[in-house]
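Chain by chain, the residues:
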Amino acid sequence: MFICDTHCDTISELYKNEVDFFANKQHIDVERILKNGGGLQFCALFIPTEQFRYHGGIRYTLTLLDKYKTELKKLAARGVDVHPILTKADATAALQHKFNPLLAIEEGGALGGSLAALRMYYELGVRALTLVWSNRNDIADGVNEDCTKGGLTTFGRQVVAEMNRLGMAVDVSHMSTYGFWDTLATSSKPIIATHSNAYSLCDQPRNLNDEQIKALGKNNGFIGINFYADFLEKDYHQASSESIYKHLAYMLDLLGDDDHVGFGTDFDGIDHTPVDIQGVQDLVPLVELLTKKFGDQTVAKITHQNCLNYLQRVL
Ligand SMILES: [Zn+2]
């Protein structure tokens, strides 16, 4: 089995807890990914807006980036087949490798208002950026600021254009609905919601409404289903693998195809997981359940093919 996951906060947690990527007690470690059969893992550096809105964002981002690079070197030294995703060719070759990390930043405040910083992050290997977390930054407004009806700022438009030019995935998870539509209209390449679910099934502002889901399909974009229990079910105690199936089935039905959805677990960034999923080790039974419901072909698309195809369109 090979699983692509478009969002986790593992690196930030490795840094805070001073533990290793290979083996730890968090939701994700590489040892368990390898046991599953390997995969492609977006590794987001999460930059808390509240703390770094005015200063220190770039310093903190580089600190997490250093942790990421250090951990990859340690994995390679152990003999792990580490294959970072930097180009279209890397995405094509991913299935031949065991562990394919894709470096991402969650929260555009990490740029400190600088396109030069964006370009340097790209040089250091960053290939996806969540434009805004749930608050306001100098790119756009997050879901907690929907009242402003604000789209992308002038700087935000420049960031999207530069990301398109460089070949980076533009992530709209956490963004206000106005920002979402503005980004969709502005980006010349398909956009991604790395970790968001269906609002019609669970009415959390972080989830996507039906129009947004359909638009992401038309845009040839990608949606990663979030495993956060609170975004799966109104009563988070009720969330299980069955809830993940329901969100996937709902989106497939709405989209009219099975080409644009996958997993964006949010592992190591969530305090409630589905009752039968404690971490990456529980993905095998989930995939078995989904195979019973959707069949092999659709499940191969959900577990990896759709994400790999999306990367071909944007990198
Ligand atoms: Zn998030």
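For the structure, check the block above.
Residues numbered from 1 in each chain as written. Predicted model: local features only at pLDDT ≥ 70, side-chain atom pairs only at ≥ 80, totals over all residues. Heavy atoms only, no water.

Asker: Explain the overall build of the protein to me, please; I cannot follow it from the model alone.
Answerer: A count of helices and strands for the protein gives 13 helices and eight strands. Taken over the C-alpha trace, the protein has a radius of gyration of 18 Å; the compact-globule value for 315 residues is 20 Å, and the two agree within 12%. When its C-alpha atoms are laid out on the principal axes, the protein stretches across 50 × 45 × 35 Å. Out of the 315 residues in the protein, the part that is buried amounts to 59%. A fraction of 70% describes how many contacts in the protein between residues 6 or more apart in sequence connect residues 24 or more apart. Per element, the accessible surface of the protein, about 12,300 Å² overall, is 50% carbon and sulfur. (Helix = DSSP H or I, 4+ residues; strand = E, 2+ residues; numbered from the N terminus. Rg over C-alpha atoms; globule rule 2.2 N^0.38 Å. Buried < 20%, exposed > 50% of the residue type's maximum accessible area, 1.4 Å probe, protein only. Contact = heavy atoms within 4.5 Å. Areas by Shrake-Rupley, 256 points an atom, 1.4 Å probe, with all protein chains shown as cover.)

Asker: What should I look at first to understand unusual backbone geometry in this one?
Answerer: Peptide bonds are, in most cases, trans, and in most cases residues other than glycine have a negative phi. Of note in this structure, Glu 107 is not a glycine but carries a positive phi near 115°. Here Glu 107 shows up in the loop between β3 (99–106) and α6 (115–123). Taking the relative accessible area as the measure of exposure, Glu 107 reaches 1% and is therefore buried.

Asker: Explanation requested: the pairing of β3 in the structure shown.
Answerer: On a regular strand, each side chain points to the face opposite its neighbour's, so the side chains alternate between the two faces of the sheet. Counting buried positions over the eight residues of β3 gives eight, a clear majority of the element. Across the two faces of β3 the burial is the same, with Phe 99, Pro 101, Leu 103 and Ile 105 and Asn 100, Leu 102, Ala 104 and Glu 106 all buried. Note: strand β2 (residues 39–46) against β3, eight bridges, orientation parallel. Directly across from Phe 42, in β3, lies its bridge partner Leu 102. With four bridges connecting them, β3 and strand β4 (residues 126–130) associate as parallel partners. Within β4, the position partnered with Leu 103 by the bridge is Val 126. Tracing the backbone out of β3, into α6 and back to the parallel element β4 gives a crossover that is right-handed. (Pairing = 2+ DSSP bridges. Right-handed = clockwise from strand over helix to strand, strands pointing away.)

Asker: Explain the nonpolar core here, please?
Answerer: Counting residues in hydrophobic clusters, the biggest one holds 81 residues, and the most contacted among them are Phe 21, Leu 131, Val 159, Phe 227, Leu 248, Phe 263 and Phe 267. When residues no more than four places from it in sequence are discounted, the contact partners of Val 159 are Leu 111, Leu 115, Leu 118, Leu 129, Leu 131 and Ile 139. If you look at the next biggest cluster of nonpolar residues, it comprises 20 residues, including Cys 4, Phe 42, Ala 169 and Leu 308. (Core = buried A, V, L, I, M, F, W, Y, C linked by side-chain atoms within 4.5 Å.)

Asker: Explanation requested: the side chain of Ser 173 in the structure shown.
Answerer: Turning to its location among the elements, Ser 173 is positioned in the loop between β5 (169–171) and α8 (177–186). For Ser 173, the side chain forms a polar contact with the main-chain nitrogen of His 195, separated by 3.0 Å. Non-local contacts of Ser 173, meaning those with residues more than four positions away in its chain, are made with Thr 130, Val 132, Ile 192, Ala 193, Thr 194, His 195, Ser 196 and Arg 206. (Polar contact = N/O pair within 3.5 Å; in protein donor to acceptor, adjacent residues only side chain to side chain.)

Asker: Hey, could you run me through helix α7 (residues 154–166) in this one?
Answerer: Counting along an α-helix, one turn takes 3.6 residues, and residues three or four places apart therefore face a common direction. The terminal C-alpha atoms of α7, which comprises 13 residues, lie 19 Å apart, in line with the 18 Å expected from a rise of 1.5 Å per residue. Turning to α7, its buried residues number three or more, namely Phe 155, Gly 156, Val 159, Val 160, Glu 162, Met 163, Asn 164 and Leu 166. Buried residues belonging to α7 abut α6, β4, β5 and α8. (Expected span 1.5 Å × (residues − 1).)

Asker: Before we go on, may I ask you to explain a nonpolar patch on the surface in this structure?
Answerer: On the surface, Ile 58, Leu 62 and Leu 124 cluster together to form a nonpolar patch covering roughly 210 Å² of accessible area. The partly exposed category is assigned to Ile 58, whose relative accessible area is 34%. (Patch = residues over 30% accessible without salt bridge, like charges linked within 9 Å, V, L, I, M, F, W, Y side chains within 5 Å. Salt bridge = Lys/Arg side-chain N within 4 Å of Asp/Glu carboxyl O.)

Asker: Teacher, can you tell me more about the coordination of the zinc ion here?
Answerer: The reference angle at a metal is 109.5 degrees if four donors form a tetrahedron and 90 or 180 degrees if six donors form an octahedron. Those donors, Glu 106 (OE), His 174 (NE2) and His 195 (NE2), are the protein atoms that reach the zinc ion, and they lie 2.0 to 2.2 Å from it. Sequence spacing among the residues donating to the zinc ion works out to E-x67-H-x20-H. Taken as a pair, Glu 106 in strand β3 and His 174 in the loop between β5 and α8 lie far apart in primary sequence, 68 residues in all. His 174 carries the same exposure label as Glu 106, and that label is buried. (Donors = N, O, S within 2.8 Å, 3.2 Å for Na, K, Ca; no water.)

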